[in-house]
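Chain by chain, the residues run as shown.
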Amino acid sequence: MKIQERDWKLFREKLPLWQENYIGRLNGEYIAILQKPANASENFFELEKRIRNDKRSFGVSGRISRNNMFQIVVSLLANAVITIDDLKDFSDEFTEAVNFCIKNIIKE
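Residues numbered from 1 in each chain as written. Predicted model: local features only at pLDDT ≥ 70, side-chain atom pairs only at ≥ 80, totals over all residues. Heavy atoms only, no water.

### Section: the overall build of the chain
Keep this limit in mind: A run of DSSP states H or I qualifies as a helix once it reaches four residues; a run of E qualifies as a strand once it reaches two. Both are numbered from the N-terminal end. Using a 1.4 Å probe on the protein chains alone, a residue whose accessible area is under 20% of its type maximum counts as buried, one over 50% counts as exposed, and one in between counts as partly exposed. In this charge count, Lys and Arg are treated as positive and Asp and Glu as negative; neither His nor the chain ends contribute. Here the site of a charge means NZ on Lys, CZ on Arg, CG on Asp, or CD on Glu.
Helix and strand counts for the chain come out as four helices and zero strands. Starting at the N terminus and ending at the C terminus, the chain contains elements arranged as α-α-α-α. On the principal axes, the C-alpha backbone points of the chain span a range of 50 × 30 × 20 Å. Out of the 108 residues in the chain, the part that is buried amounts to 32%. Distance from the positive charge centre (17 side chains) to the negative charge centre (16 side chains) of the chain: 4 Å.

### Some details on the nonpolar core
Worth spelling out the cut-off: Remark: nonpolar core denotes a set of buried residues (Ala, Val, Leu, Ile, Met, Phe, Trp, Tyr, Cys) joined through side-chain atoms within 4.5 Å. Should any heavy atoms of two residues lie within 4.5 Å, those residues are counted as being in contact.
F11 and V98 are the most contacted members of the largest nonpolar core, which has 25 residues in total. Listing elements by their share of this core, those giving two or more residues are α1 (5–34), α3 (69–78) and α4 (92–107). If one sorts the elements of this core by residue count, α1 sits on top with nine residues. Ignoring any residue separated from it by four or fewer positions in sequence, one finds F11 in contact with W18, I64, M69, I72, V73 and F90.

### Quick look at the pattern of salt bridges
Rules: Basic side-chain nitrogens of Lys or Arg form a salt bridge, by our definition, when they fall within 4 Å of a carboxyl oxygen of Asp or Glu.
The full count for this structure, using the stated rule, is seven salt bridges. Across the salt bridge formed by R52 and E48, the nearest N and O atoms sit 2.8 Å from each other. Of this pair, R52 and E48 both sit in helix α2 (residues 40–54), four residues apart, which is roughly one turn of that helix. According to the relative accessible area criterion, R52 is partly exposed, its value standing at 38%.

### Section: the side chain of S57
The criterion, for reference: Two N or O atoms count as a polar contact when they lie within 3.5 Å, although within protein this holds only if one can serve as hydrogen donor and the other as acceptor, and sequence-adjacent residues are included solely when both atoms are side-chain atoms.
You can see S57 is positioned in the loop between α2 and α3. Side-chain polar atoms of S57 contact the backbone nitrogen of G59, separated by 2.9 Å.

### Details of α3
Among the 10 residues in α3, seven count as buried, and that is most of the element. Among the residues making up α3, those that are buried are M69, F70, I72, V73, V74, L76 and L77. One or two positions beyond α3, positive phi appears at A80, with a value near 60 degrees.

### A word on the packing of aromatic side chains
Here the distance between the centres and the angle between the planes together describe a pair of aromatic rings. Applied cut-off: The rule is short: rings of Phe, Tyr and Trp, with Trp giving its six-membered ring, pair when the centres are within 6.5 Å, and they are stacked under 30 degrees, edge-to-face over 60, tilted in between.
Within the structure shown, the criterion is met by six aromatic pairs. Ring geometry for F11 against W18: centres 6.5 Å apart, planes inclined by 65 degrees, an arrangement best described as edge-to-face. Since its relative accessible area comes to 0%, F11 is described here as buried. What makes W18 buried here is its relative accessible area of 7%. Aromatic side chains F70 and F94 sit 6.0 Å apart centroid to centroid with 90 degrees between the ring planes, which places their arrangement in the edge-to-face category. Here F70 is found in helix α3, whereas its partner F94 is found in helix α4, with 24 residues between them in sequence. A relative accessible area of 18% places F70 in the buried class.

This is the structure in structure tokens:
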């Protein structure tokens, strides 16, 4: 899919905000892990494993380019980092393609 310049600029503007919101949500989940009634070491190592896995998500970081923008957005939606409402300012062509892809993922 060819990404329009307007969509690319909007994506680069919104991605840091989406990531910040997602990381805020993760921080709450991390606090819950640390507050579990278990050994401190168990909680620590569970948290360390979780952070290691979460760092790989585009919701936290990742290499972005115009070439992988579509895949990133689909990944963010599939992992509940963003919602379809977050794409309301994007072009109809882009949001329709994303919706089509997400609906096919959900069917599988």
